[in-house]
Amino acid sequence: MSDPAQFERLFWDGIVNIEIGEFDDQSSLGRFLKLCKERNANFGIHSPLFRNGSKYDLIEKVQMKPEDAWVQFEKEAEKLSRLGAEYILVHFPYFKSKKAEYKPNSLIEKGLKRLNTIQEKYGLPIVCEPKLGLHRSPDGIRYLHQFPEETWKQYGLKLCIDIGDYLIATGKHAMDYITKWEKHIHVAHIHNVAFMGDKYIWTPVHPSYENNLKHYELEPILRYLAGIGGIRFVFEHTPHMTPSDAFVAEGYEWVKGIIDDEACRAR
């Protein structure tokens, strides 16, 4: 969770790409960049760059006015283009919940135009991550599903598929929602989900969770995404369930095996 004391633990054996955001301060960012240079690792940034920045406000106010959120995001893009980031990822589209006054296609395209302008201006790829809304609202992900793929294509922006969000939002229909965007997916956030009352926790991917009736079955989605090729898989579980390093490593090796299997089939 971007704890500076944990930075070294991000660099697993065989991992040369890190996605991170919400640094405590400029000093923490500098320390992370130094580690990347020492380990010869690439990095992408999950906006906001610094903790307490805007995460969800490009379409409507969640914690700050949209125009202020756009100013923040452009400043981050400019800074990160100079620092050598491979991409910046932003929560878009994000809708808090379904409202009668929404014109989702218009709002999404308006945002795409601004994101495209920033991407072109700074030469930094932008990756859009559609998200659940308040109280697990699936409407933003559903609005994106209804958005014309050809229109999205015009603006040259990539997508991130968060497997947990998609499964919570769409259940057994998740694959239908994901396959529509095959040509645009650049990043996959991979984790399973543990439900605790009204809360849900991102847990590690692990083969023991498949078909145990308590967690989602991820393997079909992982195999599909691996088969596309060129997708960056980001392990995005959180520490709340205190998984052991061995458990996490087993999940990593399982995913790595799936990616290798699909690469062999493609050859």
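Bear in mind that the values here come from a model prediction, so they are computed numbers and not experimental data.

Trainee: For the environment of Ile190, give the residues involved together with the corresponding values.
Mentor: Mapped onto the fold, Ile190 is located in strand 6 (residues 185–190). You can call Ile190 buried: its relative accessible area is 1%. Through-space distance from the C-alpha of Ile190 to that of Trp202 is 9.0 Å; in sequence the pair is 12 residues apart. Residues within four places of Ile190 in sequence aside, it is in contact with Ile163, Val205, Leu222, Phe233, Val234, Phe235, Glu236, His237 and Val255.

Trainee: Lay out the sheet that holds strand 4 (residues 126–129) in plain terms, naming residues and giving numbers.
Mentor: Pairing in this open sheet of seven strands is parallel, and the strands run 1-2-3-4-5-6-9 from one edge to the other. Edge positions in the sheet fall to strand 1 (17–20) and strand 9 (232–235), since each of these pairs with one other strand and no more. For this sheet the average axis-to-axis angle between neighbouring strands, irrespective of direction, equals 25°. Relative to strand 2 (residues 42–46), strand 1 runs parallel, the two being bridged by four bridges. Paired with Ile20 across the bridge in strand 2 is Ile45.

Trainee: Outline helix 8 (residues 219–228), supporting the account with residue identities and numerical values.
Mentor: Since the α-helix packs 3.6 residues into each turn, any two residues three or four apart lie on the same face. Residues of helix 8 that are buried include every one of Ile221, Leu222, Tyr224, Leu225 and Ala226, and no others. Within two residues after helix 8, Gly229 carries a phi angle of roughly 85°, on the positive side.

Trainee: Which residues make up the side chain of Gln72, and what are the values?
Mentor: Within the secondary structure, Gln72 is located in helix 2 (residues 66–83). A relative accessible area of 17% means that Gln72 is categorised as buried. Those residues in contact with Gln72, other than ones at most four positions away along the chain, are Ser47, Pro48, Gly53, Ser54 and Met64.

Trainee: Can you explain the packing of helix 4 (residues 139–146) against helix 6 (residues 163–170)? Please cite residues and give values.
Mentor: One can describe the packing of helix 4 onto helix 6 by two numbers: an axis separation of 9 Å at closest approach and a directional angle of 90°. Comparing their axes, helix 6 and helix 4 come out roughly perpendicular. Two secondary-structure elements touch here, helix 4 through Ile141, Arg142 and Leu144 and helix 6 through Asp165, Tyr166, Ala169 and Thr170. In the contact of helix 4 with helix 6, the residues fall into four nonpolar, one polar and two charged.

Trainee: Before we move on, could you go through empty space enclosed by the protein and cite the residues and values that matter?
Mentor: Under the defined criterion, the tally for this structure stands at one cavity of 30 Å³ or more. Its volume calculated, the largest cavity comes out at about 70 Å³. Lining the largest cavity, in full, are Ser47, Ser54, Lys55, Tyr56, Asp57, Leu58, Ala69, Gln72, Phe73, Val90 and His91. For the lining of the largest cavity, the leading source of residues is helix 2, giving three residues. Residue composition of the lining of the largest cavity, grouped by class: five nonpolar, four polar and two charged.

Trainee: With reference to specific residues and values, describe the pattern of salt bridges.
Mentor: Going through the model one piece at a time under the given rule, you end up with 17 salt bridges. Here Glu60 and Lys99 are joined by a salt bridge, their closest N and O atoms 3.6 Å apart. In this pair, Glu60 is assigned in the loop between strand 2 and helix 2 and Lys99 in the loop between strand 3 (88–91) and helix 3 (104–122), connecting sequence segments 39 residues apart. Glu60 sits in the buried class, given a relative accessible area of 10%. Note on Lys99: relative accessible area 30%, which makes it partly exposed. A salt bridge links Glu262 to Arg265; its shortest N-O distance comes to 3.8 Å. One end of the pair is Glu262 and the other is Arg265, both in helix 9 (residues 245–266) and three residues apart, which spans about a single turn.

Analysis parameters
- Residues numbered from 1 in each chain as written.
- Predicted model: local features only at pLDDT ≥ 70, side-chain atom pairs only at ≥ 80, totals over all residues.
- Heavy atoms only, no water.
- Helix = DSSP H or I, 4+ residues; strand = E, 2+ residues; numbered from the N terminus.
- Buried < 20%, exposed > 50% of the residue type's maximum accessible area, 1.4 Å probe, protein only.
- Contact = heavy atoms within 4.5 Å.
- Pairing = 2+ DSSP bridges.
- Axes fitted to C-alpha atoms, helices over the stretch in contact; angles between N-to-C directions.
- Parallel < 35°, antiparallel > 145°, perpendicular 65-115°, else oblique.
- Nonpolar A, V, L, I, M, F, W, Y, C, P; charged D, E, K, R; others polar.
- 1 Å grid on protein atoms, 1.4 Å probe; cavity = no way out; pocket = protein on both sides within 12 Å on 5 of 7 lines; lining within 4 Å.
- Points joined across faces, edges and corners; volume = space filled by probe spheres on them.
- Salt bridge = Lys/Arg side-chain N within 4 Å of Asp/Glu carboxyl O.

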